[in-house]
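# Secondary and tertiary structure notes
Here is how the chains run, residue by residue.
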2 protein chains.
Amino acid sequence: MSPDIEALIQKISRLPGLGPRSARRIVIHLIRNREQSMEPILTGLKRVYERVGVCPVCSNIDTFTDMCSICSDKKRRRDIICVVENVADLWAIERTSCFSGQYHVLKGLLSSLDGRGPEFLKLDELHERCTNNNVTEIVIALSATVEGQTTDHYIKNFFRDKNIRTTSLAHGIPIGGELDYLDDGTLFAAFSARG
Amino acid sequence: MSPDIEALIQKISRLPGLGPRSARRIVIHLIRNREQSMEPILTGLKRVYERVGVCPVCSNIDTFTDMCSICSDKKRRRDIICVVENVADLWAIERTSCFSGQYHVLKGLLSSLDGRGPEFLKLDELHERCTNNNVTEIVIALSATVEGQTTDHYIKNFFRDKNIRTTSLAHGIPIGGELDYLDDGTLFAAFSARG
């Protein structure tokens, strides 16, 4: 096998969700479909490499300007910030159009197993942003997993005496979900938060 | 979401084995790991795009020269050609170092469902190559699936009256395989070909 191909397969196999076998399949597909697949992906990747970066304010990823399109949008509320784990979660929330404030993207959730401490939450930056923009509410929108809930508690505790309200997304029955297929934890949460 | 990112996600999601969700995950990973991941993949892809192509003789993929490294290797036998379905199969055979002849990579197996006829086998080219190089044996190394075996029969039939011996890989118990876990078809094939 040509060393160029081998090097590319190795690099692609390290992407999330891929392995040596799927990377090999992708590279063969790319070479066999030079014009329809490799060329557009190459130009698209080059474009993203040259033009896209991480927003210095909220850590969203977007085309390079001073700030991302959400942070620089004058029509969005500035007094409410939503904390999300990653950019995919941010995009998911944006797709529903249910939130029109600002975001704060974490570098990861707290995890002693994976060695992620409070510095991954960038809470001092978030606090400074809150003071500068008179933020009154922080919505913590993290997954309902152990790591997500630990991080949720840590953030709530951090802002307890700082005169900023912190809220979390509600737990309960998902829309369309049938009662007898629900797990005990969700059912318990739905009962506790009834209203 | 930035249109550049969206376009790249869409292109990557069309690669084999990927979908919109895994493509999104890959693109976020690439942007977040600009120097360690996006940059090396971009240069690797550019290198492959500029330097790698399909061999005009055997359809193997390799760095651009007149022929691929297998076809131009003077130490390899020229009187035996192995027919494989795709380049991944060729690489698998090369990894075992059990074959030192030439290859003929098909464009695909015969399949009436997917509309692939005999023109995908490029048998006239293969025959011409056989005559020019005094090839005495064609080893047909195709998968033991319905399409693979149909194609195997078609190639055998094509070369029947052309004074070239055609052989196929043996069917039987895989090395390390336990008898009572084997399917009936394999067991039957192993009994028929006992020796």
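Rules of the game
- Residues numbered from 1 in each chain as written.
- Chains lettered and ligands numbered in written order.
- Predicted model: local features only at pLDDT ≥ 70, side-chain atom pairs only at ≥ 80, totals over all residues.
- Heavy atoms only, no water.
- Axes fitted to C-alpha atoms, helices over the stretch in contact; angles between N-to-C directions.
- Helix = DSSP H or I, 4+ residues; strand = E, 2+ residues; numbered from the N terminus.
- Parallel < 35°, antiparallel > 145°, perpendicular 65-115°, else oblique.
- Contact = heavy atoms within 4.5 Å.
- Nonpolar A, V, L, I, M, F, W, Y, C, P; charged D, E, K, R; others polar.
- Pairing = 2+ DSSP bridges.
- 1 Å grid on protein atoms, 1.4 Å probe; cavity = no way out; pocket = protein on both sides within 12 Å on 5 of 7 lines; lining within 4 Å.
- Points joined across faces, edges and corners; volume = space filled by probe spheres on them.
- Buried area = accessible area lost by both parts, 1.4 Å probe.
- Salt bridge = Lys/Arg side-chain N within 4 Å of Asp/Glu carboxyl O.
- Polar contact = N/O pair within 3.5 Å; in protein donor to acceptor, adjacent residues only side chain to side chain.
- pLDDT = per-residue confidence, 0-100.
- Buried < 20%, exposed > 50% of the residue type's maximum accessible area, 1.4 Å probe, protein only.
- Phe/Tyr/Trp six-rings, centres within 6.5 Å; stacked < 30°, edge-to-face > 60°.
- Arc of directions from axis to C-beta.
- Right-handed = clockwise from strand over helix to strand, strands pointing away.

## Comments concerning the packing of helix 4 (residues 87-96) of chain A against helix 2 (residues 20-32) of chain B
- Taken N-terminus to C-terminus, the directions of helix 4 of chain A and helix 2 of chain B make an angle of 125°; their axes are 10 Å apart at the nearest point. Here helix 2 of chain B runs oblique to helix 4 of chain A, going by the angle between their axes. In this structure, helix 4 of chain A uses Val87(A), Ala88(A), Trp91(A) and Arg95(A) to contact helix 2 of chain B, whose residues at the interface are Arg24(B), Ile28(B) and Arg32(B).
- Classifying every residue of the contact of helix 4 of chain A with helix 2 of chain B gives 4 nonpolar, no polar and 3 charged.

## Structural notes on the sheet that holds strand 4 (residues 102-105) of chain A
Residues and elements named next belong to chain A.
- Spatially, 4-3-5-6 is the arrangement adopted by the 4 strands of the open sheet, whose pairing is parallel. Taken across any chain shown, the strands that pair with only one partner, and hence form the sheet edges, are strand 4 and strand 6 (165-168). The mean angle between the axes of side-by-side strands here comes to 25°, regardless of whether they run parallel or antiparallel.
- Taken together, the 4 bridges between strand 3 (residues 80-84) and strand 5 (residues 137-140) define a ladder with parallel strand orientation. Within strand 5, the position partnered with Ile80 by the bridge is Glu137.
- Against the sheet, helix 4 touches strand 3 and strand 4, its axis set at about 155° to strand 4.

## A few points about empty space enclosed by the protein
- Under the counting rule described, the total for this entry stands at 2 cavities of 30 Å³ or more.
- Each pocket or cavity is described by its volume, and for the largest cavity that value is around 140 Å³.
- For the largest cavity, the lining is made up of 14 residues, of which Ile12(A), Leu15(A), Ile41(A), Ile12(B) and Leu15(B) are closest to its centre.
- Of all elements in the fold, only helix 2 (20-32) and helix 3 (34-51) of chain A together with helix 2 and helix 3 (34-51) of chain B reach the threshold of two or more residues within the lining of the largest cavity.
- Class assignment of the residues belonging to the lining of the largest cavity gives a composition of 14 nonpolar, no polar and no charged.
- Estimates place the volume of the second largest cavity at around 40 Å³.

## Some words on the interface of chain A and chain B
- If you look at the interface, chain A gives 45 residues, while chain B gives 45 residues.
- Regarding the contact of chain A and chain B, the summed buried area is about 4,800 Å², with carbon and sulfur atoms giving 73% of it.
- Contact with chain B buries surface across chain A, with Leu45(A), Tyr49(A) and Trp91(A) losing the most and accounting together for 15% of the total.
- The partner of Arg47(B) in a salt bridge is Asp4(A), with the nearest N and O atoms 2.9 Å apart.
- Across the chain A-chain B interface, the total number found is 10 residue pairs in polar contact (both at pLDDT 80 or more).
- Sorting the residues of the side of chain A that touches chain B by element identifies helix 1 (3-13), helix 2, helix 3, strand 2 (61-63) and helix 4 of chain A as the ones contributing at least two each.
- Its residues assigned to classes, the side of chain A that touches chain B comprises 25 nonpolar, 7 polar and 13 charged.

## So, the confidence of the model for chain A
Residues and elements named next belong to chain A.
- Looking at chain A as a whole, its pLDDT mean stands at 91, while 100% of the residues score no less than 70.
- Mean pLDDT per element in chain A: strand 2 is the minimum at 86, and strand 3 is the maximum at 95.
- Overall fold confidence for the complex sits at a pTM of 0.76, while the interface term, ipTM, reaches 0.78.

## Some remarks on the pattern of salt bridges
- On inspection of all chains with the given rule, the structure shows 20 salt bridges over all chains.
- Notably, a salt bridge pairs Arg116(A) with Glu147(A), separated by 3.7 Å at the nearest N-O pair. Remark: Glu147(A) occurs in helix 6 (residues 146-158) and Arg116(A) occurs in the loop between strand 4 and helix 5 (123-132); sequence separation between them is 31 residues.
- Taking the relative accessible area as the measure of exposure, Glu147(A) reaches 30% and is therefore partly exposed.
- Where Asp152(B) meets Lys156(B), a salt bridge forms, and the shortest distance between an N and an O atom there is 3.0 Å. With Asp152(B) and Lys156(B) both in helix 6 (residues 146-158) and 4 residues apart, this pair spans about one turn of that helix.
- A residue is classified by how much of its surface remains accessible, and Asp152(B), at 5% relative accessible area, is buried.

## Overview of the packing of aromatic side chains
- The tally for this structure, following the rule as stated, stands at 4 aromatic pairs over all chains.
- Aromatic side chains Phe99(A) and Tyr103(A) sit 5.3 Å apart centroid to centroid with 65° between the ring planes, which places their arrangement in the edge-to-face category.
- With 5.0 Å between their ring centres and 75° between their planes, Phe158(B) and Phe159(B) make a pair best called edge-to-face.
- The exposure class of Phe159(B) is buried, given its relative accessible area of 1%.

## A few points about helix 4 (residues 87-96) of chain B
- When helix 4 of chain B is considered as a whole, its buried residues turn out to be Val87(B), Leu90(B), Trp91(B) and Ile93(B). In an axial view of helix 4 of chain B, the angular spread of the buried residues amounts to 160°, which keeps them on one side of the axis.
- For helix 4 of chain B, the elements touching its buried residues are helix 1 and helix 2 of chain A together with strand 2 (61-63), strand 3 (80-84) and strand 4 (102-105) of chain B.
- The N-cap residue of helix 4 of chain B is Asn86(B): its side-chain oxygen and the backbone nitrogen of Ala88(B) are 3.3 Å apart.
- Immediately beyond the C-terminal end of helix 4 of chain B, within one or two residues, lies Ser97(B), with a positive phi of roughly 50°.

## Details of the pairing of strand 6 (residues 165-168) of chain B
Residue and element names in this part refer to chain B.
- Direction of pairing for strand 5 (residues 137-140) relative to strand 6: parallel, over a ladder of 4 bridges. Pairing of Ile140 across the sheet is with Ser168, part of strand 6.
- Remark: the strand 5/helix 6/strand 6 crossover connection has right-handed handedness.

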